[in-house]
Amino acid sequence: MLRLIATLALLTCLAAPVSAGKVAIVIDDIGNHKNDLKAALLPGNVSFAVLPYTPYARAFALRAHHQQKQVLLHMPMEAIENDRPGPGVVTADMSNAQIKLQLVNALDSIPYVTGVNNHMGSKLTQLPMPMQAVMETLAARKLFFIDSRTSEFSVAEQIAGQFGVRTSRRHVFLDNEVDQNYLQQQFDQLLRLAKRDGQAIGIGHPYPETLSFLKQHLPELQKQGIELVFVSELTQATNQNGYLLPVTSAK
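Rules behind the numbers
- Every chain's residues receive numbers from 1 upward, in the order its sequence appears when written.
- Two thresholds apply to this predicted model, a pLDDT of at least 70 for residue-level local features and 80 or more for giving and counting side-chain atom pairs, whereas whole-chain, interface and lining totals are computed over all residues.
- Excluded from the side-chain calculations are hydrogens and water; all other atoms, namely the structure's heavy atoms, are used.
- Comment: elements are numbered from the N terminus, with helices defined as DSSP H or I runs of at least four residues and strands as E runs of at least two.
- Here the term buried applies to any residue with accessible area under 20% of the maximum for its type, exposed to any over 50%, and partly exposed to those in between, with areas from a 1.4 Å probe on protein chains only.
- Contacts are assigned to residue pairs with any non-hydrogen atoms lying within 4.5 Å of each other.
- A 1.4 Å probe and the Shrake-Rupley method give the accessible areas. Residues count as covered only by the protein chains that appear here.
- By definition, two strands form a pair when at least two bridges between them are found by DSSP.
- The definition of a nonpolar core used throughout is a set of buried Ala, Val, Leu, Ile, Met, Phe, Trp, Tyr and Cys residues joined through side-chain atoms within 4.5 Å.
- Aromatic contacts are taken between Phe, Tyr and Trp rings whose centres are within 6.5 Å, Trp giving its six-membered ring; a plane angle under 30 degrees counts as stacked, one over 60 as edge-to-face, and the others as tilted.
- Orientation is described by axes fitted as lines to C-alpha atoms, over the contacting stretch for helices, and by angles from 0 to 180 degrees between their N-to-C directions.
- Each angle receives one of four descriptions, namely roughly parallel if under 35 degrees, roughly antiparallel if over 145, roughly perpendicular if within 65 to 115, and oblique otherwise.
- Two helices crossing with the near one rotated counterclockwise from the far one by less than a right angle form a left-handed crossing, whereas a clockwise rotation gives a right-handed crossing.
- Charged means Asp, Glu, Lys or Arg here, nonpolar means Ala, Val, Leu, Ile, Met, Phe, Trp, Tyr, Cys or Pro, and polar covers whatever is left, Gly included.
- By the criterion used throughout, a crossover qualifies as right-handed when its path from the first strand across the helix to the second strand runs clockwise, the strands pointing away from the viewer.

> Explain the overall build of the protein to me, and be specific about the residues and the numbers.
Scanning the protein for helices and strands turns up seven helices and nine strands. Counting the 251 residues in the protein, one finds 48% classified as buried. Taking the intrachain contacts of the protein between residues at least 6 apart in sequence as the baseline, contacts between residues at least 24 apart amount to 69%. As presented, the protein carries roughly 12,700 Å² of accessible surface, and 53% of it is formed by carbon and sulfur atoms.

Structure, rendered in structure tokens:
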């Protein structure tokens, strides 16, 4: 009897698909256009970063939640060269109190927010003091932060570690161009990183070409042993130097 049980257990293990890694997809810049609402119909565990104070921000968050998707605040932050990051932007000349108030108001404007990533922010994410105000606010609300990595000199993950904020970073931008060859190239790179490192995060936008591509290719991930997960699952605690700590992933 024991031999039979052991044999059945072995067969179950052999039949189970071996995971080749986890991938998270975040669709940024949601809220400006009515067509953005269609993005919530993408298959699987896709995460969406919604711009505050945009015409369809609240409607999209409600629809995405109904579709059992994950909602992030796509927080506008000051960039080095772009002076139009959008309403609610956090800038380097603000006091800590002003930054916190700006962030809290943006968070309160969108329902079902579970985390935050930066919209632009190539300047702000390099600056420790403003990012401390951001991370203090997120820590108080137990929210995670995804660094969009608009600057290679970003200190966001390091500062997150100082305040116990779970964090990760973007690994691939999927659609800086929207022709099929480019989308396929970037998507393939994302999968290679996931297979090599165990996980990878890709960021795209609600362009019709991107949504059409993902609608076609996301259902194929399972055949490759890739698990599509919400981006929160790939966040981890870090130490004060930004190095990952060995803790279980969040859901």
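> Any details on the pairing of strand 2 (residues 47-50)? Residues and values, ideally.
Here strand 2 shows two buried faces, one formed by S47 and A49 and the other by F48 and V50. Where strand 1 (residues 21-30) lies against strand 2, three bridges are found, and the strand directions are parallel. Looking at strand 2, one finds that I30 is bridged to V50. Pairing of strand 2 with strand 3 (residues 70-77), which is carried by four bridges, proceeds in the parallel orientation. By the bridge assignment, A49 is partnered in strand 3 with L72.

> Describe in detail the nonpolar core, supporting the description with residues and values.
The biggest cluster of nonpolar side chains holds 56 residues, and the ones touching the most others in it are I25, M131 and M135. The leading source of residues in this core is helix 6 (residues 180-197), at six residues. Look past the residues within four positions of I25 in its chain and what remains in contact with it is V46, S47, L174, L190, G202, L214, L218, L228 and V229.

> Provide a residue-level description of the packing of aromatic side chains, including the pertinent values.
Going through the model one piece at a time under the given rule, you end up with two aromatic pairs. Judged by centre distance (5.0 Å) and plane angle (65 degrees), the ring pair of F48 and F60 falls under edge-to-face. Pair noted here: F48 is in strand 2 and F60 is in helix 2 (residues 57-66), with a separation of 12 residues, a long-range link.

> Please give an account of the packing of helix 6 against helix 7 (residues 208-217) that cites residues and values.
It is the contact of helix 6 with helix 7, at a shortest axis distance of 11 Å, that shows an interaxial angle of 55 degrees. Relative to helix 7, the element helix 6 is oriented oblique. For helix 6 against helix 7, the interelement crossing comes out right-handed. Across from Q180, L183, Q184 and F187 in helix 6, the residues of helix 7 making contact are E209, T210, F213, L214 and H217. Counted by class, the contact of helix 6 with helix 7 contains four nonpolar, four polar and one charged residues.

> Break down unusual backbone geometry for me, with residues and values.
The backbone phi angle of Y53 is positive, close to 65 degrees, even though this residue is not glycine. With respect to the helices, strands and loops of the structure, Y53 is situated in the loop between strand 2 and helix 2. For Y53, a relative accessible area of 41% puts it in the partly exposed group. The backbone of K142 shows a phi angle near 55 degrees, a positive value even though the residue is not glycine. Mapping K142 onto the fold places it in the loop between helix 4 (128-141) and strand 5 (144-147). The exposure class assigned to K142 is exposed, which follows from its relative accessible area of 75%.

> For the pairing of strand 5, give the residues involved together with the corresponding values.
The alternating pattern of strand 5 places F144 and I146 and F145 and D147 on opposite faces, both of which are buried. Here strand 4 (residues 113-120) pairs with strand 5 via three bridges, running parallel. By the bridge assignment for strand 5, G115 is matched with F144. Handedness of the crossover joining strand 4 and strand 5 through helix 4: right-handed. At this point the chain moves from strand 5, through helix 5 (residues 156-162), to the parallel strand 6 (residues 167-169), and the crossover so formed is right-handed.

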